[in-house]
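# Report on the structure
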Amino acid sequence: LSRGEYCDYGVLTFVNQDEGMSALQAQARNGAWLDAPPMVDDATGEEMLVMNVGDMLTRWTNGRYAATPHRVIHSQSASPRVSLPFFFEPSFDAEVAPLPELLARTGDPAAFAAVKYGEHLTKKVLSNFES
């Protein structure tokens, strides 16, 4: 493994990958790992981006959109892999909770407590390192 399983911490992540270099995998709801290879639009020839849902979108949508577990397996050892991610994240001090309008429309109770994004981010980042 080049990067073990994890979910992105913010709202959305857009990833541009090297063409012809498949290393990213996403986990389906049934637990199976699916390759997320670089793709090109047949009609335009433009490269497509991979989009991962992050923890904060899961919280805002009360679980309607689930954060995407993913990992990187780099098996082509002779070739370097380059990917360019863009992380869309809330402000560090933003309070993130299920959207009241969504809860009112669905009638569902809040499945997540409110959290300050910076506290969530710090906790996640620090859990990446052994003490």
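Residues numbered from 1 in each chain as written. Predicted model: local features only at pLDDT ≥ 70, side-chain atom pairs only at ≥ 80, totals over all residues. Heavy atoms only, no water.

### What to know about the pattern of salt bridges
To keep it simple, the criterion reads: We define a salt bridge as a contact between a side-chain nitrogen of Lys or Arg and a carboxyl oxygen of Asp or Glu at a distance within 4 Å. Put simply, DSSP H or I for four residues or longer makes a helix, DSSP E for two residues or longer makes a strand, and each gets a number counted from the N terminus. Only protein chains enter the calculation, and the probe is 1.4 Å; a residue is then buried if its accessible area is under 20% of its type maximum, exposed if over 50%, and partly exposed in between.
For the structure on display, the rule yields 1 salt bridge. Among the salt bridges present, the one from lysine 124 reaches aspartate 55, with a minimum N-O distance of 3.5 Å. Pair noted here: lysine 124 is in helix 3 (residues 117–126) and aspartate 55 is in helix 1 (residues 55–60), with a separation of 69 residues, a long-range link. What makes lysine 124 partly exposed here is its relative accessible area of 29%. Accessibility expressed as a relative area gives 13% for aspartate 55, which makes it buried.

### Some words on the layout of surface pockets
If a probe as big as a water molecule is rolled over the atoms, it shows which places are left empty. This is how the line gets drawn: Lining residues are those with an atom within 4 Å of a point, where the points come from a 1 Å grid over the protein atoms alone and group into cavities, where a 1.4 Å probe fits but cannot get out, or pockets, open sets with protein on both sides within 12 Å along at least five of seven lines. Grid points are joined across faces, edges and corners, and a volume is the space filled by probe spheres set on the points. Throughout this entry, Asp, Glu, Lys and Arg are counted as charged residues, while Ala, Val, Leu, Ile, Met, Phe, Trp, Tyr, Cys and Pro are counted as nonpolar. The remaining residues, Gly among them, count as polar.
The calculated volume of the largest pocket comes to roughly 280 Å³. Lining the largest pocket we find 17 residues, and of these Tyr6, Asp8, His70, Pro85 and Phe87 sit closest to its centre. Residue assignment for the lining of the largest pocket shows that the elements contributing at least two residues are strand 2 (12–17), strand 6 (70–72) and strand 7 (83–88). For the lining of the largest pocket, the element with the highest residue contribution is strand 7, accounting for 4 residues. Counted by class, the lining of the largest pocket contains 9 nonpolar, 5 polar and 3 charged residues.

### Some words on the sheet that holds strand 7
Note the following rule: Any two strands with at least two DSSP-identified bridges between them are counted as paired. The axes are straight lines fitted to the C-alpha atoms, using for helices just the contacting stretch, and the angles between their N-to-C directions are given from 0 to 180°.
Pairing within the open sheet is antiparallel, and its 3 strands lie in the order 5-2-7. Strand pairing shows two members of the sheet lacking a second neighbour, strand 5 (50–53) and strand 7, which therefore form its edges. Each strand of the sheet is rotated relative to its neighbour by a mean of 20 degrees, with strand direction disregarded.

### Some details on the side chain of glutamine 25
For clarity, the threshold we go by: Counted as a polar contact is a pair of N or O atoms within 3.5 Å, where, for protein atoms, one must be capable of donating a hydrogen and the other of accepting one, and residues adjacent in sequence contribute only when both atoms are in side chains.
Assignment of secondary structure puts glutamine 25 in strand 3 (residues 24–27). Note on glutamine 25: relative accessible area 12%, which makes it buried. At 3.0 Å, the side chain of glutamine 25 and the side chain of aspartate 35 are in polar contact. Within the local environment of glutamine 25, its side chain forms a polar contact with the side chain of arginine 71, the two groups lying 2.7 Å apart.

### Section: the nonpolar core
Here is the rule: Definition of nonpolar core: a set of buried residues of the types Ala, Val, Leu, Ile, Met, Phe, Trp, Tyr and Cys, connected through side-chain atoms within 4.5 Å.
Counting 10 residues, the largest nonpolar core is built from Tyr9, Val11, Leu12, Val53, Met56, Leu57, Val96, Val115, Tyr117 and Leu121. Of all elements in the fold, only helix 1 and helix 3 reach the threshold of two or more residues within this core.

### Some points on the environment of phenylalanine 14
To be explicit about the condition: Contact criterion: two residues are considered in contact whenever any of their non-hydrogen atoms come within 4.5 Å of each other.
By the element assignment, phenylalanine 14 lies in strand 2. Each C-alpha atom of the pair phenylalanine 14 and valine 50 lies 5.6 Å from the other, and the pair is 36 residues apart in sequence. Among residues more than four places away in sequence, those in contact with phenylalanine 14 are Leu49, Val50, Met51, Leu84, Pro85 and Phe86.

### Details of the environment of glycine 10
By the secondary structure assignment, glycine 10 is in the loop between strand 1 (3–6) and strand 2. Glycine 10 sits in the buried class, given a relative accessible area of 6%. Taking the C-alpha atoms as reference points, glycine 10 and leucine 57, 47 residues apart in sequence, are found 7.3 Å from one another. When sequence neighbours within four positions are dropped, the list of residues in contact with glycine 10 reads Gly54, Asp55, Met56, Leu57, Phe88, Glu89, Pro90 and Tyr117.

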